[in-house]
Number of protein chains: 4
Amino acid sequence: MKKAAIIGGTGYGAIELIRLLDSHPYIELTKIISQSQHGELLDETYPHLATYLANPMEELNVEQLIHEIDIVFLATPAGIAKEIAASFQDTSVQCVDLSGDLRISSEDYQTWYEKKPASESLLEVAAYGLTEVFQEKIKQTNIISNPGCFPTAALLGLIPMLENNIIESKGIMIDGKTGISGAGKNPSAKTHFSTTNENVTPYKIGTHQHTPEIERYISQVTKEASVKVTLTTHLIPMTRGLMCTMYAPLHMDTDTNNVIELYKQYYKHSPFIRIRKPGEFPSTKDVTGSNYCDIGAYVDKRTNQLIITSAIDNLVKGAAGQAIQNINVMNEWDEKTGLSFLPIYP
Amino acid sequence: MKKAAIIGGTGYGAIELIRLLDSHPYIELTKIISQSQHGELLDETYPHLATYLANPMEELNVEQLIHEIDIVFLATPAGIAKEIAASFQDTSVQCVDLSGDLRISSEDYQTWYEKKPASESLLEVAAYGLTEVFQEKIKQTNIISNPGCFPTAALLGLIPMLENNIIESKGIMIDGKTGISGAGKNPSAKTHFSTTNENVTPYKIGTHQHTPEIERYISQVTKEASVKVTLTTHLIPMTRGLMCTMYAPLHMDTDTNNVIELYKQYYKHSPFIRIRKPGEFPSTKDVTGSNYCDIGAYVDKRTNQLIITSAIDNLVKGAAGQAIQNINVMNEWDEKTGLSFLPIYP
Amino acid sequence: MKKAAIIGGTGYGAIELIRLLDSHPYIELTKIISQSQHGELLDETYPHLATYLANPMEELNVEQLIHEIDIVFLATPAGIAKEIAASFQDTSVQCVDLSGDLRISSEDYQTWYEKKPASESLLEVAAYGLTEVFQEKIKQTNIISNPGCFPTAALLGLIPMLENNIIESKGIMIDGKTGISGAGKNPSAKTHFSTTNENVTPYKIGTHQHTPEIERYISQVTKEASVKVTLTTHLIPMTRGLMCTMYAPLHMDTDTNNVIELYKQYYKHSPFIRIRKPGEFPSTKDVTGSNYCDIGAYVDKRTNQLIITSAIDNLVKGAAGQAIQNINVMNEWDEKTGLSFLPIYP
Amino acid sequence: MKKAAIIGGTGYGAIELIRLLDSHPYIELTKIISQSQHGELLDETYPHLATYLANPMEELNVEQLIHEIDIVFLATPAGIAKEIAASFQDTSVQCVDLSGDLRISSEDYQTWYEKKPASESLLEVAAYGLTEVFQEKIKQTNIISNPGCFPTAALLGLIPMLENNIIESKGIMIDGKTGISGAGKNPSAKTHFSTTNENVTPYKIGTHQHTPEIERYISQVTKEASVKVTLTTHLIPMTRGLMCTMYAPLHMDTDTNNVIELYKQYYKHSPFIRIRKPGEFPSTKDVTGSNYCDIGAYVDKRTNQLIITSAIDNLVKGAAGQAIQNINVMNEWDEKTGLSFLPIYP
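Now for a look at the structure at hand.

Each value, and the rule that gives it
Residues numbered from 1 in each chain as written. Chains lettered and ligands numbered in written order. Predicted model: local features only at pLDDT ≥ 70, side-chain atom pairs only at ≥ 80, totals over all residues. Heavy atoms only, no water. Pairing = 2+ DSSP bridges. Helix = DSSP H or I, 4+ residues; strand = E, 2+ residues; numbered from the N terminus. Least-squares fit on C-alpha atoms with pLDDT ≥ 70 in both. Contact = heavy atoms within 4.5 Å. Buried area = accessible area lost by both parts, 1.4 Å probe. Salt bridge = Lys/Arg side-chain N within 4 Å of Asp/Glu carboxyl O. Polar contact = N/O pair within 3.5 Å; in protein donor to acceptor, adjacent residues only side chain to side chain. Buried < 20%, exposed > 50% of the residue type's maximum accessible area, 1.4 Å probe, protein only.

## Focus on the sheet that holds strand 3 (residues 71-74) of chain A
All names here are of chain A.
Phase 1 of the analysis: Reading across from one edge, 2-1-3-4-6-5 is the order of the 6 strands in this open sheet, with parallel pairing throughout. What marks the edges here is a single partner per strand, and that holds for strand 2 (27-33) and strand 5 (127-128).
Phase 2 of the analysis: Pairing of strand 1 (residues 2-7) with strand 3 involves 4 bridges; the strand directions are parallel. Counted as the bridge partner of Ile7 is Leu74 from strand 3.

## Description of the sheet that holds strand 2 (residues 27-33) of chain C
All names here are of chain C.
Phase 1 of the analysis: Spatially, the 6 strands line up as an open sheet ordered 2-1-3-4-6-5, and their pairing is parallel. The open sheet is flanked by strand 2 and strand 5 (127-128), the only strands paired with a single partner.
Phase 2 of the analysis: Here 2 bridges tie strand 5 to strand 6 (residues 143-145), and the two strands are oriented parallel to one another. Within the sheet, the bridge partner assigned to Ala127 lies in strand 6 and is Ile144.

## Some points on the relation of the copies chain A and chain D
Phase 1 of the analysis: Mapping chain A onto chain D calls for a rotation angle of 180° and an axial translation of 0.0 Å; the resulting RMSD is 0.0 Å. Read as a symmetry element, the transformation amounts to a two-fold axis. Minimal C-alpha separation from the rotation axis in chain A is found for A:Pro237, amounting to 3.2 Å.
Phase 2 of the analysis: Mapped onto chain D, 100% of the interface residues of chain A again fall at the interface, so both copies present the same surface.

## Re the interface of chain A and chain D
Phase 1 of the analysis: Opposite the 44 residues of chain A that make contact, chain D presents 44 residues.
Phase 2 of the analysis: Between chain A and chain D, a total of about 3700 Å² is buried, with carbon and sulfur atoms accounting for 60% of that surface.
Phase 3 of the analysis: Inspection of the region where chain A meets chain D yields 4 salt bridges.
Phase 4 of the analysis: The closest approach of N and O atoms between A:Glu215 and D:Arg302, which form a salt bridge, is 2.4 Å.
Phase 5 of the analysis: Our count for the chain A to chain D interface comes out at 25 residue pairs in polar contact (both at pLDDT 80 or more).
Phase 6 of the analysis: When contributions to the side of chain A that touches chain D are tallied by element, the ones reaching two or more residues are strand 7 (172-179), helix 9 (193-196), strand 8 (201-203), helix 10 (210-222), strand 9 (229-236), strand 10 (242-249), strand 12 (293-300) and strand 13 (305-312) of chain A.
Phase 7 of the analysis: Considering every element that reaches the side of chain A that touches chain D, the biggest residue donor is strand 9 of chain A, with 5 residues.

## What to know about the side chain of A:Asp294
Residues and elements named next belong to chain A.
Phase 1 of the analysis: Position of Asp294 relative to the elements: it lies in strand 12.
Phase 2 of the analysis: Only 3.0 Å separates the side chain of Asp294 from the side chain of Arg276, close enough to count as a polar contact.
Phase 3 of the analysis: With sequence-adjacent residues up to four places away left out, Asp294 is seen in contact with Arg274, Arg276, Pro282, Asp286, Val287, Thr309, Ser310 and Ala311.

## Describing the pattern of salt bridges
Pairing of side chains with opposite charge becomes possible as their charged atoms draw close.
Residue and element names in this part refer to chain D.
Phase 1 of the analysis: What the rule picks out here adds up to 64 salt bridges over all chains.
Phase 2 of the analysis: Between Arg276 and Asp294 there is a salt bridge whose closest N-O contact spans 3.0 Å. Here Arg276 is found in the loop between strand 11 (273-275) and strand 12 (293-300), whereas its partner Asp294 is found in strand 12, with 18 residues between them in sequence. Comparing Arg276 with Asp294, the two get one shared label, buried.

What follows is the structure, given as structure tokens:
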């Protein structure tokens with residue numbers, strides 16, 4: 001039984017980690033760290049956790065963690081995570097950072113996050129935790145940079161087609177749609193029920209920090225120096241769920257059946273990826289509460305485009321679930337350990 | 001490993017049983033019976049189950065079930081269930097009927113359901129599966145009548161107060177609020193998104209068939225010949241979740257602290273009942289996806305009433321979860337087996 | 001053409017006043033006063049008002065208002081409104097206060113609002129603006145205390161039955177359900193989409209400040225010294241809409257048909273009250289965006305209770321619409337002026 | 001006062017026409033025709049219309065309509081509308097067809113609708129009622145083909161940029177998002193609350209019949225023989241509202257400010273089009289209940305794309321509101337007559 005701690009214990013990412021770890025057979029969650037609420041019991045903020053957690057949240061004490069803990073999940077905001085992650089760099093602690101701090105180059109980080117980046121050595125040691133694609137590097141490090149929610153859905157849909165030369169890497173449009181939990185727990189005009197309900201709200205058009213993240217890992221796969229994609233994101237009046245609808249120019253003559261077959265081949269050892277039959281497309285509800293990523297595709301011969309839809313639960317495969325999946329891979333446990341439950345439906 | 005079958009495999013109750021049984025360590029779901037869709041794969045209707053179920057649904061063959069199956073869940077509509085349940089009456093098959101067929105007296109059934117009732121002998125052998133309250137009888141039979149969703153929430157809130165003589169059994173009002181999944185899977189004007197969304201809709205005012213069910217089991221507890229309650233029900237624009245807000249005349253001088261303490265005493269061995277602190281009340285979201293029933297109470301000294309709120313997930317504690325909880329009790333497994341997961345939040 | 005000003009221009013009440021006044025043939029909205037945002041254009045906060053309002057919001061200048069303005073709507077929070085209302089007490093300005101400051105006795109105000117009450121003379125001059133019931137006093141004053149949203153729905157359902165001696169005033173339960181806009185524009189954990197969506201949340205159980213308001217005006221109608229009702233309130237995952245489900249002990253032998261007939265008689269000159277046929281009950285969506293209050297009733301002979309459901313749009317009949325209706329009555333315009341549009345459906 | 005009839009009186013389009021016509025000063029709605037429900041009162045199906053409509057719905061009698069009625073709105077399904085519209089072809093009745101029957105060439109109609117098309121002469125006489133763009137032709141005919149909801153939002157966003165040569169007509173992607181009312185009133189699995197709520201559902205990917213409609217009117221504007229666009233559509237868990245997020249290759253070097261300025265120029269005489277400032281984008285809620293189309297745009301220099309978002313209420317500007325706007329233009333009334341109300345917010 002490995003001992004785990006969550007740092008940044010009161011956001012939605014942390015809450016979802018708690019839910020999932022509770023069913024994990026090899027991990028025991030022993031500490032929840034919160035700088036703002038240490039000393040409090042978590043169920044004062046989250047009554048749905050009543051009767052579950054006996055101990056109050058604690059202050060961060062890195063030294064103590066290194067001695068007592070095997071696995072650390074960083075559910076802290078971007079900017080803070082990189083400092084804490086650095087403390088575990090040369091230790092045996094397995095650390096998964098759910099923030100954006102370690103995902104992109106320091107140059108891009110400065111441009112898109114407008115903050116001081118992590119050290120180059122930390123960025124180098126961190127493996128990008130898109131489990132299905134980068135499993136080899138994940139196994140060889142103790143620091144994981146867990147992917148963003150949009151990049152997870154986008155890259156899982158795009159990479160098999162790019163690797164198979166079905167689509168071009170130039171001219172890709174990604175139309176992202178996310179539930180409101182993606183905007184975090186902080187109350188604001190943007191997350192107020194009365195403004196968000198019965199509403200589709202575009203946000204960060206042309207400026208979303210997940211753009212360079214998607215570009216970087218497309219680049220790694222296609223070995224091209226520079227890849228540019230267009231990403232737009234929209235808040236949808238639902239709590240959970242994320243879809244990327246993607247449009248990519250075809251690079252060769254193909255058809256829907258062939259494309260579906262290539263996806264199935266690519267993901268034949270990936271238990272969390274489900275490919276829809278030709279003519280069918282996933283809905284976000286098909287994956288709610290689960291670690292699945294469901295993918296559908298259509299070759300539009302009229303316009304010579306491949307249309308891909310990719311659906312995840314933004315808090316599971318888009319955050320906490322993939323974090324645990326990465327820990328499973330790092331420990332050479334079955335990838336599905338603690339994650340093999342069905343979606344909650346309806 | 002016990003073998004289980006679900007009869008009536010395509011409604012929401014069945015779908016939720018499938019989700020929950022998938023995590024149960026001692027039950028293997030081996031057959032899904034559907035008269036209307038046998039021969040089809042379930043994931044044609046429910047893509048969220050893709051990759052999960054390999055075998056097509058089957059036709060009902062009671063003889064075969066008796067030989068091959070240990071546990072049967074009846075997720076068929078009222079009127080049909082009682083015929084099938086009767087087939088298992090003198091067998092060793094453990095049978096949980098999720099319909100209303102076996103819950104009330106034949107007289108009340110004729111009045112409120114306007115159908116021919118089950119045989120007296122079947123009604124007699126069936127135990128009412130409100131697990132926390134009727135555990136002894138549940139252990140002694142092979143036929144369980146699983147409670148309705150409103151009766152589950154209402155009775156779990158009322159019975160401890162009635163048994164402790166805190167409230168009178170005359171003059172109880174139950175204001176029920178349920179998510180739309182409670183209206184079932186059948187498309188109708190009543191379940192259409194455009195009519196239901198942004199709407200509170202009262203229905204079956206004064207005529208809801210859960211009324212005599214609540215009255216009957218209050219009667220059993222208070223040993224009164226006749227108990228009458230008022231139940232109103234409202235459709236709320238959410239998929240899951242059910243709340244009963246209840247008003248009962250106080251029978252003695254008491255206060256909120258005392259009442260909360262009595263609830264805690266009453267449910268001290270009931271892992272799925274969580275009692276809120278004085279001044280706090282559960283929301284339906286606190287129990288989503290879980291088998292919990294959360295209860296809050298307030299003594300209103302101004303009007304000499306006890307106000308009780310009781311929240312469940314209508315598809316879990318209000319249906320499939322409680323069905324499995326009853327099977328756990330019948331088999332002398334820990335009550336929480338396969339059901340000990342946290343609510344999904346937010 | 002009368003000139004109007006709104007004081008407290010950026011909350012939902014004000015926004016709804018702006019929408020409704022825009023269609024009023026005899027009122028011109030010439031000033032919007034906001035202490036916190038004066039100098040700004042309203043469409044910076046509310047882009048849906050783009051192209052509508054040319055002038056920036058202004059600071060409060062009571063003297064100027066008295067000279068330039070005929071009608072003032074106070075959409076300020078409780079506690080602030082009473083000071084401003086007092087300035088118009090002996091002027092010719094018609095003033096409608098949408099806050100709770102002038103609705104209840106100073107004693108009750110201190111108890112339930114925990115603030116210093118308005119002066120007795122102001123409380124005396126203010127007419128309670130439940131238009132259908134208190135029209136005579138409304139015509140004789142220049143200060144209106146606009147009713148709260150729950151009291152509007154509750155009293156319109158209860159008063160005809162109390163005046164006709166159908167129900168007793170003792171033992172009335174009011175189960176209130178409101179859309180989230182009722183909690184105001186301020187972002188908080190309570191109004192966050194992710195916590196509110198897919199959720200029913202009871203709040204202020206036993207402590208809601210609308211309780212003494214309902215009691216006071218029942219008292220005025222029944223001429224009883226002290227009336228006590230039980231009010232509970234629940235947040236429902238919808239933006240607009242409010243329903244009160246009410247339970248009252250019958251005072252005489254009657255039936256549903258008779259009760260419906262009495263309602264129709266009572267409201268025969270009230271264009272905004274619609275009574276449902278026996279067996280039918282209004283949904284909140286039936287009145288969305290309109291000034292209607294729809295009422296249904298059922299005599300439950302089993303329990304000797306009258307069950308009443310009353311539905312309004314909390315921002316229209318529950319706030320801005322009734323405010324304008326009161327101004328219409330004060331000016332002897334047709335009650336429906338500027339308010340005679342149909343509900344928006346679906 | 002002109003007399004109007006609605007044919008197909010019980011769908012959402014008709015219900016919205018009723019709401020809007022109720023406020024129109026020059027049109028009196030005198031007949032509602034329903035083949036399936038004639039003889040019934042509309043408020044039996046739609047209680048929100050109670051007290052409004054005294055006369056029962058009638059059977060279709062074209063001869064009588066020609067003699068008694070000035071304006072006919074066809075809110076019948078595609079396939080039926082064209083037969084009825086033909087009856088008014090050489091009469092003085094002004095006829096607006098809200099179905100897709102008269103929008104595209106007979107060839108495209110056969111391909112995309114898989115039905116027999118309208119006669120060539122009827123197609124010729126019908127003007128495409130995208131009011132802001134085709135006003136001249138609208139004034140010269142008595143048969144209007146009212147645009148589809150997606151084409152309205154898409155074309156209003158694209159045409160000014162195409163006419164100004166800002167974007168290329170090849171390579172345009174339109175990502176459409178619509179509220180569930182767009183799927184009509186018919187109950188189905190697709191419109192069931194429990195499947196639709198908390199869900200984004202792509203539908204008709206590559207096969208939506210609005211695709212050739214958008215292409216045809218781009219063609220008319222650009223004078224190109226053949227234009228191909230990619231349209232995808234998604235059901236969003238809200239009742240009303242429609243957004244098109246569009247991606248188009250830039251044809252020249254430009255920037256966001258310039259593009260916004262060109263939009264403002266193009267629509268300077270169009271009271272229902274509101275252009276957002278650079279950096280701002282409309283939400284669907286900004287136009288709910290109103291006839292506005294709000295547009296935002298962003299020049300993405302990184303990828304050389306123009307990103308456009310265009311928001312309408314699918315039942316108003318996307319159906320009933322634009323129909324009335326067209327009638328206003330045909331009668332040389334102010335375009336805003338009966339439509340100049342503010343959006344309902346929140």
